[in-house]
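The chain contents come next:
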Amino acid sequence: MATEGESSGKEGLGELSAMEAAKAPTLPLPEMSDENGCTDSATEASEAFAHADPASFSLPPTTEDEAGDLPEDFERLWNAAHHNCQDFTSWTDLLQYCEQEGHVAASQRALMAFLGRYPLCYGYWKKFADLERRAGNNDKAAEVCVQGLQSIPLSVDLWIHYINLLLGTLDMNQQESPKRIRSVFEDAVVAAGLDFHSDRLWDLYVEWEKEQGNLRNATAVLDRVLKVPTQHYNTHYEKFKAHLSSSDPKEVLSLEEYEEVRAFCRETQKVERAEQAKEKEKEMPPGEEEPATPEGTDSEELMQRMREQVLVRRDKIYQKNENEVRKRWNFEDTIKRPYFHVKPLDQIQLRGWHSYLDWELAQLSNDTVHRNEDADIKEATEGPEVTPQGTEETEVSLDDHRVRVLFERCLIACALYEEFWTRYVQYLETRSVDDVRAVYKRACLHLSSSPNLHMRRATFEERHGDLAEARRVLEALDKNMPGLAVVRLRRAALERRAGKLEQSEAILQEAVSQSKEKPTLHAFYSIKLARLLLKLGRNPDRARSVLQEALEISPGNDKLHLNLLELEASSGPWSSADAVQECVTRALAAPLAPHTKLLLSQRCLQFVEEYSNSVQSVLSVYEEHQKLLKELGGTKREAENRDEDREKVIKSDDAPTDDASAQVPPTDLQLPITVPPSPAMTMDVNAQSGGYGGYSNWYQQPQYSSYGYQNTWNYNQGYYPPS
């Protein structure tokens, strides 16, 4: 079932009283001027877009009587829709069933729940308002429209529906009613007037002003729309011509423009008549003059001159606007589905939106550069000039408003595409933190199952000091999408950076306890917890206990053995010698791959060689290592080659494999890195950057191979768990 909708975000409908909905306009924005359709209102309208709060409806509790009166299949369809909120078809089946049954209470509950999940479907807002109006609840119908317009401020259809509702329900004989209607019209054109398909809204506004007998107001509205690039821009100019020719210019034009144009035309007329008089002066009898037109009246000729002069001025505006429409026409032509739908868009339209945004952003940058260059040239040639305060800011805000309108239009059709939300956030980051926060909130409503988006939101909140909100976002994500290791790690890292080490430890401990049925994931969390206890908790005994308990569940996990060996080797050369030997012995008896056993044996040999006080112990370990090489049927070089192949396969020591891979999805490349990859427990930073390289080369010289190694040993190769 096709559905349509525009923009996003919502406020609680139940919190708005009928009186508040009737008195206060939905988007209280100041009146627009005639400069590109708006001035200061552009900034406030842009904020209205970003700050549309996507809060859900407050559903009233269902009484037993109401539940008993519900249609027979309502509960079944209701449960089906709530069981899988992502299934759009289940929701539309529920709504269609309620509509067929004609049950008002059931339809209300279904629509409120549906619009709480899909606020972009403007057609259902209209159905909801019509439902309330048919039930005789005109005030509630107005509330629904108010709520819908807070969710979809760019919806031209919903604005027109709301205005027609008010026109049909308000008593126009009351003095406040026309003011109320005009206020709503102003909100509408500020919020949606820059939309390329907003022609019907502008036309309705003009016709209503004419019906009220306010011809000057109608002219002012036409003047504004002449500067807006819309699909039917040429029809507005034709309507302006008809409007001007059908009335006296004094009734149509503003007093300022009328006096200015009249003075200009009268002066022109005098000059022409003076020239004509010189030619006729010789032919006229002495003492006779042409009758002069009284100062307070306008001849038909003068009024025609005034109309022509007005059109000359408007024609320049029209030509400029036509050029703007021409620039946008090809982009608009690629947009075949400007409304919301859960069905995916084709690649042509997606590329079209990206290209359109690229162009609009480039226009914004070019306009800014040109303004700066023109100002520099003018200052260099004419000296500094004092400009009215706020003029430059107004121009920038208008351009910014156009960009935001295009983003909002895009995020109606592409609300389920994370890439466009990301672009919008990137655009707003340098402008307003509050706007970014509001956009993230809306994005997470529509993309509730996108962990990367939610984690980026949490990172944003943490970066701007709102740890409570960052914590709440991650906790909600962990609850709604359980089993994602990256979310658990983000939560633990957030607490660690906040100085709450105990809370960070508790999160990892909980993850370890809950993953015992999944050995690989259990080992992954155990390693993370052990590192936290060792590096930050300074508690090697607890870290050792965690790894040993994990080895009881996963004795064949090579990462556990490697990390336990590193822990023991880092404890000190004298206190840990026996522990290192015991660790290696346990590993050699475990069901590990041959190359892993060789790796552990090599590490043991390195340890005794560096810290042992007896050459006999070094030789003993070396002999055991050589026996292991023979038992495994390979040479040292073969083992190293296998380690090289293994390093190519293993992406990270921290990444769980096998069944845990399904639990730990890859992170988005664009995701801000808040937790750098953890090094192995005792890895020297110099080792990662090649600090051991010189030592290895020196150590492997022939004169230092008296232990009889069959092959020299690269200290950097294969020993440290990759991280």
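The shown structure was predicted, so the numbers you read here are calculated from the model rather than taken from an experiment.

**Considerations on the side chain of His 561**
Reasoning step 1: Looking at the element boundaries, His 561 is found in helix H27 (residues 558–569).
Reasoning step 2: When its relative accessible area of 2% is taken as the criterion, His 561 is described as buried.
Reasoning step 3: Among the polar contacts listed, one links the side chain of His 561 to the backbone oxygen of Pro 555, at a separation of 2.8 Å.
Reasoning step 4: If we ignore the near neighbours within four places in the chain, the residues touching His 561 are Leu 551, Pro 555, Cys 583, Arg 586, Ala 587, Ala 590, Leu 592 and Leu 600.

**Regarding the packing of aromatic side chains**
Reasoning step 1: Throughout the structure, instances matching the rule amount to 20 aromatic pairs.
Reasoning step 2: Relative to Trp 208, the ring of Phe 185 has its centre 5.7 Å away and its plane inclined at 40 degrees; by these criteria the two rings are tilted. Within this pair, whereas Phe 185 is found in helix H10 (residues 176–192), its partner Trp 208 is found in helix H11 (residues 199–211), the two being separated by 23 residues in sequence.
Reasoning step 3: Given a relative accessible area of 0%, Phe 185 falls into the buried group.

**As for the environment of Lys 241**
Reasoning step 1: Along the polypeptide, Lys 241 turns up in helix H13 (residues 233–245).
Reasoning step 2: For Lys 241, a relative accessible area of 31% translates into the label partly exposed.
Reasoning step 3: Lys 241 sits 66 residues away from Arg 307 along the chain, and the two C-alpha atoms are 8.8 Å apart.

**Section: empty space enclosed by the protein**
Reasoning step 1: Counted by the stated rule, this structure contains three cavities of 30 Å³ or more.
Reasoning step 2: If you add up the space inside the largest cavity, you get close to 120 Å³.
Reasoning step 3: Forming the boundary of the largest cavity are Leu 194, Asp 195, Phe 196, Pro 229, Arg 328, Glu 332, Tyr 356, Glu 360, Arg 402, Val 405, Leu 406 and Arg 409.
Reasoning step 4: Put simply, the parts of the chain that give the lining of the largest cavity at least two residues each are helix H16 (300–333), helix H17 (347–382) and helix H18 (391–413).
Reasoning step 5: For the lining of the largest cavity, the element with the most residues is H18, which contributes four residues.

**Observations concerning unusual backbone geometry**
Reasoning step 1: Positioned with a positive phi, Arg 538 is a non-glycine residue whose angle comes to about 50 degrees.
Reasoning step 2: Mapping Arg 538 onto the fold places it in the loop between helix H25 (519–536) and helix H26 (540–553).

**Some points on helix H21 (residues 451–463)**
Because each turn of an α-helix spans 3.6 residues, side chains separated by three or four positions end up pointing in the same direction.
Reasoning step 1: Helix length check: H21, at 13 residues, gives a terminal C-alpha distance of 18 Å against a target of 18 Å (1.5 Å per residue), a fit within 8%.
Reasoning step 2: Most of H21 sits inside the fold, with 12 of its 13 residues counted as buried.
Reasoning step 3: Buried within H21 are the following residues: Pro 451, Asn 452, Leu 453, His 454, Met 455, Arg 456, Arg 457, Ala 458, Thr 459, Phe 460, Glu 461 and Glu 462.
Reasoning step 4: Contacts from the buried residues of H21 go to helix H19 (418–428), helix H20 (433–446), helix H22 (467–480) and helix H23 (485–497).

**Section: the nonpolar core**
Reasoning step 1: Residues Phe 74, Leu 94, Phe 114, Trp 159, Tyr 162 and Leu 201 are the most contacted members of the largest nonpolar core, which totals 81 residues.
Reasoning step 2: Looking at this core element by element, the count peaks at eight residues for helix H9 (residues 156–169).
Reasoning step 3: Listed in part, the 41 residues of the second largest apolar core include Val 546, Leu 564, Leu 565 and Cys 604.

**Details of the environment of Arg 326**
Reasoning step 1: In this structure, Arg 326 sits in helix H16.
Reasoning step 2: A relative accessible area of 51% places Arg 326 in the exposed class.
Reasoning step 3: Taking C-alpha positions, Arg 326 is 8.9 Å from Pro 229, a pair spaced 97 residues apart along the chain.

**Remarks on the pattern of salt bridges**
Reasoning step 1: Inspection of every chain in the model, using the stated rule, returns 38 salt bridges.
Reasoning step 2: The salt bridge involving Arg 544 is made with Glu 568; its shortest N-O contact spans 2.8 Å. With Arg 544 in helix H26 and Glu 568 in helix H27, this residue pair connects regions lying 24 residues apart in the sequence.
Reasoning step 3: The exposure class of Glu 568 is buried, given its relative accessible area of 6%.
Reasoning step 4: Salt bridges here are not isolated pairs; linked through shared partners, they connect Glu 324, Lys 327, Arg 328 and Glu 360.

**Quick word on H26**
Reasoning step 1: With 14 residues, H26 should cover 20 Å at 1.5 Å per step; its first-to-last C-alpha distance of 20 Å lies within 8% of that length.
Reasoning step 2: Every buried residue of H26 is listed here: Ala 543, Arg 544, Val 546, Leu 547, Ala 550 and Leu 551. Viewed end-on, H26 has its buried residues packed into an arc of 160 degrees, placing them on one side of the element. H26 presents Asp 541 and Glu 552 as exposed residues on the side facing more than 90 degrees away from its buried surface.
Reasoning step 3: Those residues of H26 that are buried are in contact with H25, H27 and helix H28 (577–589).

Cut-off values and rules
Residues numbered from 1 in each chain as written. Predicted model: local features only at pLDDT ≥ 70, side-chain atom pairs only at ≥ 80, totals over all residues. Heavy atoms only, no water. Helix = DSSP H or I, 4+ residues; strand = E, 2+ residues; numbered from the N terminus. Buried < 20%, exposed > 50% of the residue type's maximum accessible area, 1.4 Å probe, protein only. Polar contact = N/O pair within 3.5 Å; in protein donor to acceptor, adjacent residues only side chain to side chain. Contact = heavy atoms within 4.5 Å. Phe/Tyr/Trp six-rings, centres within 6.5 Å; stacked < 30°, edge-to-face > 60°. 1 Å grid on protein atoms, 1.4 Å probe; cavity = no way out; pocket = protein on both sides within 12 Å on 5 of 7 lines; lining within 4 Å. Points joined across faces, edges and corners; volume = space filled by probe spheres on them. Expected span 1.5 Å × (residues − 1). Core = buried A, V, L, I, M, F, W, Y, C linked by side-chain atoms within 4.5 Å. Salt bridge = Lys/Arg side-chain N within 4 Å of Asp/Glu carboxyl O. Arc of directions from axis to C-beta.

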